[in-house]
Structures are given as C-alpha cells and as structure tokens.
Amino acid sequence: MAFGGGDSPIIGFHHLLLNQNERPHSPPLGVLTLMQLVRNSGREAYFNQFVHLKGTILSPEHLAQQIVAQPGVAAISTMINGLPLLVMALRLVKSRDPEKKIIVGGPGFTGIAKEAIENYPGMDIVCFGEGEMQILELMEYLDGNCSLEDVPGVCFRQNGEIIKTDQAGRIKDLDSLPYLCFDAINLRSYNGFPIMASRGCPFKCSFCDVAPSWGRRNTRRSVEHVLDELDYLYHEKGIRKISFVDDLFIVNRKWVIDFCEQKLKRGNKMIWRGNGHINLANEELIELMAEAGCESMFYGVESGSDRVLQKIVKDFTLEKAKKVLRFTDKYMNTHINLIWGYPFETTDDLILTLEAHSFFKERGIGVSLVMLAPLQSAPMTEQYKDLVLNFNYQNIFLQDYYELDAKYGSEFEQLLKSDSKVFSAFYAFASPQLEEHKAIVDHYQDEFFRSGQFATPRELWQGV
Ligand code: B12
Ligand code: SF4
C-alpha cells in the first residue's frame, strides 16, 4: 500500500454509532457522500460501520480489531460522543499495526483539532469543516501528488511540530454534491433515512456548536434538486419516509413554501420530518408542510424560564413557544428539547423547566429533558471555562458508556479526567447549585417513573 507516494491506497471509511436500539438509526449521510466522491474520482473505497447496540458490551477491542483487520488507510468519522472509544481503540490499533494510517473527521473537530493531534498519537490527521472541500485533496496527498500542508482543514504532526491548515471556505453549490454511496449499505438494516437540504444556521444560541463548526451562513440546495432526490429515493430505492437533518430546516420560509408547493404539484408522496425555530414557524406554514407530507416537527425550546431563554440567546418566551407548539401539534407529531444545567441557572429557573416538561408531556408533545453538555466550540463553553467532572451522572455523553467493557473503566475515567478540553462535552458546568439541581431532577424523574404521572415540580421540590 502506498502512502504519500505511488499508487492510490484503498480507503476504508469507518463510522461509529453508539448506544443504538435494536437497529442503527440511519445511514451516515456525510461519510457516505465523501465515499461517493472518492469512488467518482476512480479510487477504491469501502465502508464499515461500527454499531454498538443497547444492551451489548461496548468494547474498544472490537473497534480496534475491525480497523486493523481491514485494508488500507482508515478514514474514521465520529461525533464527539464516540471520541473516548476511538482514542482507546486507536491505542490498540497503533500497538498492533504502527504503520496503519488513521484519518479522523466529523462534526465537532473544529475547536479541538490541535489538542486531539497533540494528545492522541493514534490519530495521524484530524479533519474539520465540510469534508467535501478537502477529501479529494487528501486523496491527492495519499497518492503522493501534493503535500499535506496543501490540504485545507487538517491538523497533523510534522517533525515534532503541529501544523494546522486553514479551513476551506463553505461549499457554494450544494446541488453539485453526489447522492450518498447506496451500494455500500443495506438500506433495510436502518430505521430511517436522512437527507439534507441546507447547511449552517444564522442563530446564535450560546450552548450550540453548529454555527461555529459549519458557519452562520445557511447554504441550500435548490428545491428542484431536493425533489429530484425524493423522487429517486421513492421510486428507485423504495424509501417512503425521510428526515431532513438540516441544522435548521425552516430557516428560509420562502424556500420551504416553494418546496411544499412543488412537492404537491409533482404528486411526490414521500413522508418527511423537519425541524424548526419557534420564531420562524407560523400556522399557515405548518399547515402547508403537513399537507405536503410532513408528519413530525422538532423544536429546540431549551428552557422553561424566560430569563434563561434570554441569556442563551433564544429570543423567544415560553408563552410564544406554547403558542407555536399548540398549532404545530394540531397538524403533526411535535417534539421538543429542554436543557437543564446552565451555569447561571437558579433553582427557580430549573423548576420552571420541569414545569414546562410536565406541561408539554401532559399535552402529548414529545419532550427530551437533557443535562447541558459543554460542547467545545459553543460560545458558552468559552465563557464559563471552569468545569467540574461529573462521571456517574445524567450527562448525555456519559450515558453512551454505561455499557463499556469493565476492563476499560479506569482507562476511560483517566482519559476524560486528563483532558477537559477535548472531552469537555462529558463534563458539567461547575455551578454552586449543581448538586442540588441534580437531586431535584432525579427526584422529579423518579416520581414520574413511580407514579406514571407528572406531579407539580414545585411541590416535589419541597421533598428534596
Ligand atoms: C442525523 C443525526 C444523528 C443520528 C445519527 C446520524 C448518523 N447515522 O450518522 C442520530 C439520531 C442517531 C444522532 C445521534 C446523536 N447525535 Co446527532 N445529529 C444528526 C444530524 C441531525 C445530522 C447528521 C448529518 O447527517 N449531517 C450531515 C452531514 C453531511 O454532515 P456530517 O455528518 O457532519 O459530515 C460532514 C463533516 O462532519 C465531515 N466529516 C464527517 N466525517 C468525516 C470523516 C472524515 C475522514 C472526513 C475527512 C470528514 C468527515 O464531512 C462531512 C461532509 O461535509 C446532526 C446535525 C447536523 N445538521 O449535522 C446531529 C449531530 C451530528 N448530532 C450530535 C449529537 C451530539 C448527537 C448525540 C451525541 C446526541 C445524544 N447523545 O443523543 C447522539 C450520538 C449518537 C451515538 N450515540 O453515536 C451533534 C454532534 C456535536 C459534536 N460536536 O459532535 C450534532 C452536530 C447536532 C448538534 N449540534 O447538537 N444524530
Ligand atoms: S440551537 Fe438550533 S437554532 Fe440555535 S444556533 Fe444551534 S442550530 Fe441554530
């Protein structure tokens, strides 16, 4: 195999998906699009997905075995939650096959690329930004036709130094991207199918890392291009339901109206799911979306306290959210997210969030209540740098490791404790009220599981 000289090496695209139910959620759109681009350039590439199903042991050994056993350069894609697993597995990979070249990418590397290269020698190249803007240059490098310094959005070691190249500009014409590489996957093994109409989000929610990673500029495909894909998926691939995985699907109302009208005109029957922002939805739009086959909508409500909503730059009130959710729920399934654990959250704020949780649940809205995970590129994480480690608690990322092979327990703990920058998302913001708030949330959730009903959070709190 050549690396940096001679014939094109084979590229293995590996994707990590943890804590899935009985089947993986959906094929990874990003990595399978990159793979199609590589194949279109005449190179050899294959796909491997490491899926950890709920109720089974999660083992770095299994991942390492897969990476070592498969040929060529390993291009690995992970969300930030898979990073500790990957670091532990790569230690094994490099001890067994020191020559194996490892390229790593995925959302979330923008703010931690340098630290990842500095601290984890298992990774040879860390990529950030839109992969389509760098993958072919990376291939040219692997073929020996250019230097790694010529590839945008990469970080690597060179003669004891760490080099980080500038991130490429955003892709201007998303219509030019190929569909994902269908022949690499078995569509029937997945629960759903993702499609992306736009990338990026202009909002400034301070806990979110989407804008810093992808950019605030929202770029989008043409309505026609998206509808052609829907027709193709429906007629050629037998897919009946898709999810738009845009950062913010309804960001451009005119586009969404046009999409719905054209879809109805074409008679395309695809059922779909979207996501939105409370400030961008109105009843007319939601009604039209439902008519055009939208069966479910997700909104980030994020807190029941107007004071918190203002501080995290959501720019709406709970009253406004209630109004939007009421009319959305008339037309389709409605889901929201609520977060607790903000560094400035008072007990009153928390109780308001739990009350909102009860309120929406009782009205049939799907509600997730999650503890805030400090994502490295989120403005709030920079603002509140003093973090405490929180190992056995509700942090959503730690939950993916509940089934970690006991053999790796102390390595996992040491790894997270040693690096609060790369693994910040596994931490909690250290606020004086954190312990008390954990107890309140626990008590609230226990009470629900015990009685099957949502008691008034304010009363429950008296008992803590
Ligand atoms: C669909 C989705 C899921 C699906 C699974 C997706 C799948 N099968 O791959 C499900 C529902 C399972 C899921 C779960 C979670 N998700 Co999710 N998810 C998404 C979503 C909405 C779309 C992903 C997508 O297809 N994007 C489109 C493609 C084109 O982008 P991409 O995957 O990032 O890939 C591009 C680049 O990152 C890069 N790239 C990616 N891999 C590689 C590899 C190489 C070698 C290179 C060179 C480049 C490269 O190039 C690609 C093309 O430009 C995104 C939000 C978003 N709009 O992206 C969140 C998002 C990816 N999810 C996120 C999170 C936090 C999670 C969870 C951890 C949440 C949780 N704990 O419940 C879980 C973890 C899953 C698990 N347990 O492993 C975060 C990731 C944050 C981070 N910093 O890593 C995102 C960005 C949303 C957010 N901002 O909060 N998710
Ligand atoms: S939380 Fe949603 S609306 Fe807010 S910046 Fe992130 S993607 Fe945009």
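Thresholds, definitions, all that
Residues numbered from 1 in each chain as written. Chains lettered and ligands numbered in written order. Predicted model: local features only at pLDDT ≥ 70, side-chain atom pairs only at ≥ 80, totals over all residues. Heavy atoms only, no water. Near = heavy atom within 4 Å. Polar contact = N/O pair within 3.5 Å; in protein donor to acceptor, adjacent residues only side chain to side chain. Helix = DSSP H or I, 4+ residues; strand = E, 2+ residues; numbered from the N terminus. Nonpolar A, V, L, I, M, F, W, Y, C, P; charged D, E, K, R; others polar. Patch = residues over 30% accessible without salt bridge, like charges linked within 9 Å, V, L, I, M, F, W, Y side chains within 5 Å. Areas by Shrake-Rupley, 256 points an atom, 1.4 Å probe, with all protein chains shown as cover. Salt bridge = Lys/Arg side-chain N within 4 Å of Asp/Glu carboxyl O. Lys, Arg positive; Asp, Glu negative; His and termini not counted. Charge placed at Lys NZ, Arg CZ, Asp CG, Glu CD. Buried < 20%, exposed > 50% of the residue type's maximum accessible area, 1.4 Å probe, protein only. 1 Å grid on protein atoms, 1.4 Å probe; cavity = no way out; pocket = protein on both sides within 12 Å on 5 of 7 lines; lining within 4 Å. Points joined across faces, edges and corners; volume = space filled by probe spheres on them.

Colleague: Help me understand the site of ligand 1 in this model?
Modeller: Inspection of the region around ligand 1 gives 38 residues, with Leu 18, Ser 26, Ser 77, Glu 132 and Asp 247 positioned closest. Backbone polar atom of Ile 80 to an oxygen atom of ligand 1: 2.9 Å apart, as the coordinates give it. Take Val 245: an N or O atom from its main chain is 2.8 Å from a nitrogen atom of ligand 1. If you list the elements that add at least two residues to the shell around ligand 1, you get strand 1 (11-20), helix 1 (29-40), strand 3 (73-77), helix 6 (210-214) and helix 14 (396-399). Considering each element in turn, the shell around ligand 1 owes the most residues, four residues, to strand 1. A breakdown of the residues in the shell around ligand 1 according to their chemical character gives 18 nonpolar, 13 polar and seven charged.

Colleague: Sorry if this is basic, but what is going on with a negative patch on the surface here?
Modeller: Together, Glu 137, Glu 149, Asp 150 and Glu 161 make up a negatively charged patch on the protein surface. Tracing the sequence through the fold places Glu 149 in the loop between helix 5 (135-142) and strand 6 (154-158). Overall, the relative accessible area of 42% leaves Glu 149 in the partly exposed class.

Colleague: Just checking my understanding: could you explain the layout of surface pockets for this structure?
Modeller: Over the atoms, a rolled probe matching the size of one water molecule traces out where space is still vacant. In this model, the second largest pocket occupies a volume close to 320 Å³. In terms of lining, the second largest pocket is formed by 18 residues, of which the most central are Tyr 190, Asn 191, Gly 192, Phe 193 and Lys 241. Per element, the largest residue contribution to the lining of the second largest pocket is three residues, and it comes from strand 11 (residues 241-244). By residue class, the composition of the lining of the second largest pocket is seven nonpolar, six polar and five charged.

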